Amino acid sequence: MMNQPGAADIEPREALVSELRRDGYLIMTGAAGYLDDLPLGRLAHAAILRSPYPHARIVSIDVEKAKAARNVLAVLTGDDLVGKVNPLPHFCDPKVFGLRTADFYALATGKVRWVGEPVAAVAAETLAAAERALELIDVVYEEIPFVTDAVEAMAPGAPKVFDHWEDNVLGMFPFEEGDVDAAIAASTHVVEDTISIQRFQAAPLEGRGYVGNWTRAGKITIHASTQNPHLVRTNLAATLGVTEANIRVIQARVGGAFGHKFNGYQEESLVCLLSRLAGRPVKWLETRAETLLAGAREYHHEFRVGFEHNGRINGIHDRSVANVGCLSTWAGWSMIYPNGMSFPGPYAVKNYKVESYGVVTNKAPWSGARGYGKESAALVMETIVDLVAKKIGMDPIEVRRVNFIASDQFPYWTQAKHLDSGNYQGALDQVVELSGYHEWRRVQRDRPADGPLLGVGVAFDLTPESGDFGGSLVRGHDTTTVRVSPCGSVSVLTGVTSPGNGNETSIAALVAREFGVHPSTVSVSQGDTDICPYGFGNYSGRSLVAGGGAGVLAAREIKAKLRTAAAVLLDVEPDDVVFADGQVRSASNPSKTMDFALLCDQIYRTSYVNPGLVEPQLEATCTDRPDNFTHVPDEHGRMSAYPAFPFSAHVAVVEIDRETGYPRLIDYSCVHDCGTVISPKLVDGQLNGAIVMGIGGALYESQPFDDQGRPTALTFKQYLLPRATDLPTIRLGTQVTPSPYTLFGAKGAGESGVGGALASVTIAVNDALASVGAKVHQLPLTPSRILDALLDAEVAR
């Protein structure tokens, strides 16, 4: 059964949230408190000794001097953990998908596999004392050969990251429909090429952090900057051998997450173990250098495409190799699945074959990162469309129109996606107009031959959201409790969390709308495992779809009781009762009315006494799950782990200085469609952030390594983020195509835009370079790479 958007009685573009974001004034004025600001007494501070080598055996560790150092309270090594605690649970274990796996403790045992891997941990009275104690720990390493390049790691005889594996291939996800070899062979035109994405990460402004307190009574409380507090609790119980009833996880206000603050990290259990030894709470905060250890998105794609002179794509074969770094329990490796699954994007290509390999190396592990592999697929697909256009001399806008899935073809199946709804043509038409696309093409044609190069890039971004992977704790459903007090105030307690995006504002508005009260009378509690129902937290743009949907269902359950009671008190039929403007009244006789608060008061005071008032409990807990999942393959072998598919169309304009190779983004437009929009301001804010993240990946951000296997970007001086002065004003437009599979038609808005920005800017740069016979398909598109391409093209001429 499909949920009809009208079931929630919400207009597709109705702005339910007209008020400002909750606590927005605190954030804007710097008064919002984060983990580091918590007023906790008698705090000890933790520091982590990390491996200086990418691959080495641990011969011995001597911690006696560190233990004897002044103000040191506790010291831990891997040997202290083995046999006393359990290995860390995986957030998403590869073995669930038939891939290789490994066990990990919170500190390295036997050998280290990446620069930065935790080897020992110290708790001390001050952070300075803890860091000094690290210098007193004597570790003897035996260096062994390492590998940091994924292609080299796949070669026979390459150093093995895990001794019990046959090679370094974590696994491969295949996605295939039709006969791609025959389709390409029969095509009039064939293009082959490669494109490589650098290693770059989520880069939240606030790093991870935890404060653990393990009391003598056996109770553990941990404050965490995390996206998944309930999952942290479950993991701690499994690792430490403590029942979940004795563990409380409280999510602190989060200063950005983007997947970097999933669960399964070593420090979650380390602060608890150190606290038990130190006899007081222990805090650990990630430094910027530690934040920048984790990687993401490092792919190399080799592709072939066959097509006709009218632009119709017949077949696509893509082979991608992802350098996921060392496997870890953080689940970043799983981005290789949506990387392959997202093909062939918004296009009706019936013959395709995608092989998405994950390869482990001696780089630090991947963490989650916004886009989650879908941006990689978008970059390749949109590059393919542009190459097709250039080969046949056709406008790339028209090539997209020829190949789009038509709006009357939905729902639409591919091998791993059941696309819910869409009007791709409409979004493209709107962004063409919004951007002045044809005028930019005229400006490009009329440019002086010796002036700066101008490029225009068009891209489309299809973003599967709200994923559900049975057998893991990455689920698509979630749970919310709603309570109404005697004074009419409403409390919402939900299993979804906020990574700092303000989703509590929208959840409150949805619940308030059901009761006809102002959102200011609705409180929202998230992230406290002692008071909120078990939930899976924040990831994959699911918070409003699942958590908000569950809140609406719970509110409706209570509303049915309120309606029955109101009918008795107003002496009308239940169907005649209307909730609006903080009142409950008769639709047919408006003189019969009472305040919402009075209705609630009377239920608590007179239920069972007043005949007809027999439902005194104004509390409900509900779970909501979108309908569009297919976990068991159908008769055609098709599955779909994502229920909703927001999308966006992008146009970027880039100017390149011929002398320096510097690319300047001078214009940017985007039209997005995330289904029913609950809070336009918050959605636009999410989209702006995602676009800037994609721009950063195209032009600036990178995590290089030296020839010793060490990362060289340790601060924001080396890891370059786009600044406000690097960006033009981003023009946004909105199209609304509600999903028929979610409660109120929303599709999610957390990730859409990264891939479109990454692709459109990359295409724009190469569009500019094409006029002089140059191209760059290795990201980021730095001035030095562009200048090299210009020089090579000049030599070739």
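A brief look at the structure comes next.

The rules behind these values
- Residues numbered from 1 in each chain as written.
- Predicted model: local features only at pLDDT ≥ 70, side-chain atom pairs only at ≥ 80, totals over all residues.
- Heavy atoms only, no water.
- Helix = DSSP H or I, 4+ residues; strand = E, 2+ residues; numbered from the N terminus.
- Polar contact = N/O pair within 3.5 Å; in protein donor to acceptor, adjacent residues only side chain to side chain.
- Contact = heavy atoms within 4.5 Å.
- Buried < 20%, exposed > 50% of the residue type's maximum accessible area, 1.4 Å probe, protein only.
- Arc of directions from axis to C-beta.
- Axes fitted to C-alpha atoms, helices over the stretch in contact; angles between N-to-C directions.
- Parallel < 35°, antiparallel > 145°, perpendicular 65-115°, else oblique.
- Left-handed = near helix turned anticlockwise from the far one by under 90°.
- Nonpolar A, V, L, I, M, F, W, Y, C, P; charged D, E, K, R; others polar.
- Pairing = 2+ DSSP bridges.

Turning our eyes to something else, we now look at the side chain of Ser435. In this fold, Ser435 is placed in helix α13 (residues 424–435). Only 3.2 Å separates the side chain of Ser435 from the backbone nitrogen of Tyr437, close enough to count as a polar contact. Residue contacts for Ser435: discarding those within four places in its chain leaves Trp440, Val651, Asp667, Ser669 and Arg731.

Listed in full, the buried residues belonging to helix α12 (residues 396–403) are Pro396, Ile397, Val399, Arg400 and Asn403. Along the long axis of α12, the arc covered by the buried residues comes to 165°, so they all point the same way. Contacts from the buried residues of α12 go to β14 (313–325), α11 (374–392), α13, α14 (437–445), β18 (453–462) and α19 (754–770). Capping the start of α12 is the job of one residue whose side-chain oxygen sits 2.8 Å from the backbone nitrogen of Ile397: Asp395.

Below, the discussion takes up the packing of α11 against α12. Closest axis-to-axis distance for the α11/α12 pair is 9 Å, and the angle between their directions is 115°. If you check the angle between α11 and α12, you find them roughly perpendicular. Between α11 and α12 lies a crossing whose hand is right-handed. The residues of α12 that touch α11, namely those facing Glu382, Val385, Asp386, Val388 and Ala389, are Pro396, Val399 and Arg400. Its residues assigned to classes, the contact of α11 with α12 comprises five nonpolar, no polar and three charged.

Bringing the environment of Leu273 into the picture now. Its place among the elements puts Leu273 in helix α8 (residues 266–278). The spatial distance from the C-alpha of Leu273 to the C-alpha of Val85 is 9.7 Å, given a sequence separation of 188 residues. In contact with Leu273, other than residues within four places in its own chain, are Leu76, Leu81, Val85, Trp214 and Leu240.

As a further point, take the sheet that holds strand β23 (residues 583–586). Judged by pairing direction, the sheet is antiparallel, and its three strands sit side by side in the order β22-β23-β24 without closing on themselves. Strand pairing shows two members of the sheet lacking a second neighbour, β22 (577–580) and β24 (593–595), which therefore form its edges. Ignoring strand direction, the axes of neighbouring strands in this sheet form an average angle of 20°. As paired elements, β22 and β23 share four bridges and run antiparallel to each other. Each residue of the ladder has a partner; that of Ala580, found in β23, is Gln583. Running at roughly 115° to β22, helix α16 (residues 543–570) makes contact with β22, β23 and β24 of the sheet. Here helix α17 (residues 596–606) sits on the sheet in contact with β22, β23 and β24, set at roughly 80° to β24.

A few words on the pairing of strand β27 (residues 663–673). Of all eleven residues in β27, ten are buried, a share of seventy percent or more. Strand direction decides the pairing type here: strand β26 (residues 647–656) and β27, joined by ten bridges, are antiparallel. Looking across to β27, one finds that Glu655 is bridged to Arg664. Pairing of β27 with strand β28 (residues 730–734), which is carried by five bridges, proceeds in the parallel orientation. By the bridge assignment, Ser669 is partnered in β28 with Arg731.

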